[in-house]
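Chains, contacts and geometry: an overview
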Amino acid sequence: PGQTTDLAVKYPQRVAAMAAAFDEQAKRYNVYPIHNLGDTAGESARRAAADFARRGGKWHYAGPSGALASMVAPPVNTRGFTMTARLDLAQEGATAPIFSRGGRLGGSAFYLREGKPVLVMNDHGGRSVSVGAARALPRGTQPITLDLVRGKPGEGGPTPFDVTIRSGETVLARESVAFDLPFYFGIPETFDLAADWGSPVLPGYRAGTPFPGTLTDITFDFEGKGGGALRIH
């Protein structure tokens with residue numbers, strides 16, 4: 001906004017040289033064709049729907065994974081789901097992500113907060129809602145389940161969510177919340193298991209801090225948990 005001199009008019013030869021250099025580099029590194037991201041929205045949605053059908057609505061990971069782009073990540077921001085995993089905690093009271101998608105300004109994540117399992121959702125304005133257990137998990141091997149049932153929002157209202165956190169048959173937390181979780185968190189914010197490499201969804205966690213133990217056999221099941229038609233995620 002502070003630019004008041006049109007240098008392109010003043011130096012047309014330099015503009016032409018810069019345009020030629022860009023054109024050469026774009027062809028060399030296969031940037032062409034240059035297009036608006038919205039031009040591919042329909043094709044992206046079709047591919048996402050085909051991938052969902054191929055998987056039967058399930059994503060499975062043997063262990064930690066990180067920096068997955070939005071189009072290959074589980075659609076935790078657009079659908080309800082049940083996540084199951086096995087934790088082997090080396091210490092009590094740690095703060096670390098089980099999974100994270102997005103960041104501080106738009107994100108959804110399942111963390112241990114001082115050892116207590118907690119679901120955190122952030123919107124683009126930095127507002128947040130969370131559902132967490134009252135007690136910390138002990139050291140050792142144990143199952144963990146997050147059940148997120150996504151309802152249909154009312155006229156202009158936020159989306160209702162029914163959240164249940166369990167370890168085996170023991171219910172650690174159960175609560176219904178209403179929140180405007182964004183459908184898209186931006187290109188730089190990725191999906192991670194046992195890490196949060198972007199801006200942390202949970203304040204106080206330092207990005208990339210190692211998980212305090214092991215996380216294995218992680219499954220996301222999206223069938224029957226709500227969410228409507230697939231969107232680009």
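The preceding data block contains the structure.
Here's what I pulled together on the structure shown here. Residue positions are counted from 1 within each chain, in the order its sequence is given. The predicted origin of the model limits local features to residues at a pLDDT of at least 70 and limits the giving and counting of side-chain atom pairs to 80 or more, whereas totals for whole chains, interfaces and linings rest on all residues. Side-chain measures here rest on the full set of heavy atoms in the structure, leaving out hydrogens and waters.

**Structural notes on helix α3 (residues 41-55)**
Between its terminal C-alpha atoms α3 stretches 21 Å, which fits the 21 Å expected from 15 residues at 1.5 Å a residue. In this scheme, a residue with accessible area under 20% of its type's maximum is buried, one over 50% is exposed, and one in between is partly exposed, where area comes from a 1.4 Å probe on protein chains only. A run of H or I in DSSP becomes a helix once it reaches four residues, and a run of E becomes a strand once it reaches two; helices and strands are each numbered from the N terminus. Those residues of α3 not exposed but buried are S44, A48 and F52. With its buried residues spanning 75° around the axis, α3 presents them on a single face. Away from the buried face of α3 by more than 90 degrees, exposed residues R46, R47, A53 and R54 are located. The criterion used for residue contact is that any of the two residues' heavy atoms lie within 4.5 Å. As for α3, its buried residues are in contact with β1 (58-61). The first or second residue beyond α3 is G56, which carries a positive phi of 65°. Multiplying one less than the number of residues by 1.5 Å gives the expected span of a helix. Directions pointing from the helix axis toward each C-beta atom define the arc.

**Examining the pattern of salt bridges**
Only one rule defines a salt bridge in this text: a Lys or Arg side-chain nitrogen within 4 Å of an Asp or Glu carboxyl oxygen. If you walk through the whole model with that rule in mind, you get nine salt bridges. Between R47 and E43 there is a salt bridge, with the nearest N and O atoms lying 3.0 Å from each other. Of this pair, R47 and E43 both sit in helix α3, four residues apart, which is roughly one turn of that helix. Judged by relative accessible area, which is 35%, E43 ranks as partly exposed. The partner of R127 in a salt bridge is D123, and the shortest N-O contact between them spans 2.8 Å. R127 gets classed as exposed once you look at its relative accessible area, which sits at 54%. Ionic contacts of the salt-bridge type, sharing partners, join the residues E43, R46 and R47 into one network.

**What to know about the packing of aromatic side chains**
Between two aromatic rings, the relevant description is the distance of the centres plus the angle of the planes. Classification of ring pairs uses Phe, Tyr and Trp, with its six-membered ring standing for Trp, and accepts pairs whose centres are within 6.5 Å; under 30 degrees between planes counts as stacked, over 60 as edge-to-face, and the remaining range as tilted. As enumerated under the stated definition, the model contains 13 aromatic pairs in all. Between W59 and F222 the ring centres are 5.4 Å apart and the planes differ by 80°, which places this aromatic pair in the edge-to-face class. Separated by 163 residues along the polypeptide, W59 in strand β1 and F222 in the segment after β12 (213-221) bring together distant segments of the chain. The burial state of W59 is the same as that of F222; both residues are buried. Ring geometry for F99 against F220: centres 5.3 Å apart, planes inclined by 80°, an arrangement best described as edge-to-face.

**Topic: the sheet that holds β12**
Spatial ordering of the open sheet is given by β1-β12-β3-β8-β9-β10, a layout of six strands whose pairing is antiparallel. Looking at the sheet topology across the chains shown, the edges are occupied by β1 and β10 (170-179). Pairwise comparison of adjacent strand axes, ignoring direction, gives a mean angle of 15° for this sheet. Here strand β8 (residues 140-150) pairs with strand β9 (residues 159-167) via six bridges, running antiparallel. Of the residues in β9, the one forming a bridge with V149 is D162. A strand pair is defined by DSSP finding two or more bridges across the two strands. Every angle, taken between N-to-C directions, lies between 0 and 180 degrees, and every axis is a line fitted to C-alpha atoms, over only the stretch in contact when it is a helix.

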